[in-house]
Amino acid sequence: MDYRGLNMHAKSLLVVDDDADLRTLLSGYLGDQGFDVTEAADGKAMAAALAAGTFDLVILDLMLPGDDGLTLCRNLRAESTVPILMLTARGDELDRIIGLEMGADDYLPKPFNPRELLARIKSILRRAHERGGDEKTVRELAFAGWTLDLGARHLVGSDGVVTPLSSGEFRLLSALAENANRVLSRDQLMDVLAGRESGPFDRTIDVMISRLRRRLGDDAREPVLIKTVRSEGYVLATTVERRA
């Protein structure tokens with residue numbers, strides 16, 4: 001993967017985990033990779049750090065004392081677009097889906113190899129960098145009576161009613177709309193959602209596609225907009241207008 005044009009040495013990370021030993025390990029390892037790392041043990045310390053400075057990415061543990069990682073993720077996403085990588089000792093698929101829907105950019109179960117964490121961080125930062133350039137040119141994607149607002153990150157119906165989207169739903173629908181009438185595999189969609197391929201038993205994409213269909217009023221049994229292509233993936237089967 002090519003990271004040229006992205007200056008990793010200028011990136012500032014916030015690590016939020018109640019495990020002091022893990023925080024020290026990650027701070028040391030990521031510091032050696034050229035990152036500026038700040039540590040926080042819980043939600044209060046995280047809020048204080050965010051108030052005191054700006055960060056390029058937040059590494060957030062799911063199981064925290066007080067407000068848990070999902071609550072903190074949702075609250076942070078409501079007021080900031082900073083990328084979020086969630087850590088957890090639980091590898092449950094439901095936790096992963098909820099985390100991504102709350103606005104996390106990726107999800108890494110413990111225990112993990114620090115090199116895997118580093119790869120995920122670089123992938124998230126690369127995608128954030130690319131999105132920053134793309135969103136300046138196209139503001140809306142219009143299709144089948146719907147308008148996807150790329151700035152506000154929500155859907156607007158033909159009647160003007162706004163339909164909010166989770167971060168994961170927005171990323172998936174954006175990818176499908178940007179590639180209208182082209183089949184995208186589950187691996188391609190998982191890369192959009194979390195910067196990596198899906199596992200053989202990973203149902204994250206299928207679950208989130210079902211939720212998108214409900215948002216669009218698309219019949220899951222006979223979908224008209226987001227169609228399933230057996231053994232290949234999914235396609236947004238309609239014309240999309242790009243608006244500046």
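Rules and cut-offs
Residues numbered from 1 in each chain as written. Predicted model: local features only at pLDDT ≥ 70, side-chain atom pairs only at ≥ 80, totals over all residues. Heavy atoms only, no water. Axes fitted to C-alpha atoms, helices over the stretch in contact; angles between N-to-C directions. Helix = DSSP H or I, 4+ residues; strand = E, 2+ residues; numbered from the N terminus. Parallel < 35°, antiparallel > 145°, perpendicular 65-115°, else oblique. Contact = heavy atoms within 4.5 Å. Nonpolar A, V, L, I, M, F, W, Y, C, P; charged D, E, K, R; others polar. Pairing = 2+ DSSP bridges.

The name given to the chain in an unreviewed UniProt entry is DNA-binding response regulator, with Jeongeupia chitinilytica as the source organism.

Asks: A description of the packing of helix H7 (residues 186-194) against helix H8 (residues 204-216) should follow, citing residues and the corresponding values.
Replies: Their axes nearest at 10 Å, the elements H7 and H8 cross at an angle of 80°. With respect to H8, the axis of H7 lies roughly perpendicular. Here Arg 186, Leu 189, Met 190 and Leu 193 of H7 come into contact with H8, specifically with Thr 204, Ile 205, Asp 206 and Met 208. Split into classes, the residues belonging to the contact of H7 with H8 amount to five nonpolar, one polar and two charged.

Asks: Go over the sheet that holds strand S5 (residues 106-109) with me, naming the residues and quoting the values.
Replies: Taken together, the five strands give an open sheet; going across it, the order is S2-S1-S3-S4-S5, and neighbouring strands pair in parallel fashion. Two strands close off the open sheet at either side, each with one partner strand: strand S2 (36-40) and S5. Direction aside, the axes of adjacent strands within the sheet are offset by 20° on average. For strand S1 (residues 12-16) and strand S3 (residues 57-61), the ladder comprises four bridges, and the chain directions are parallel. Counterpart to Val 16 in the pairing with S3 is Leu 60. In this fold helix H1 (residues 20-32) packs onto S1, S2, S3 and strand S4 (84-88), with an angle of close to 170° to the strand it touches most, S2. Packing of helix H3 (residues 69-79) onto the sheet brings it into contact with S3 and S4, and relative to S4 it is tilted by some 175°.

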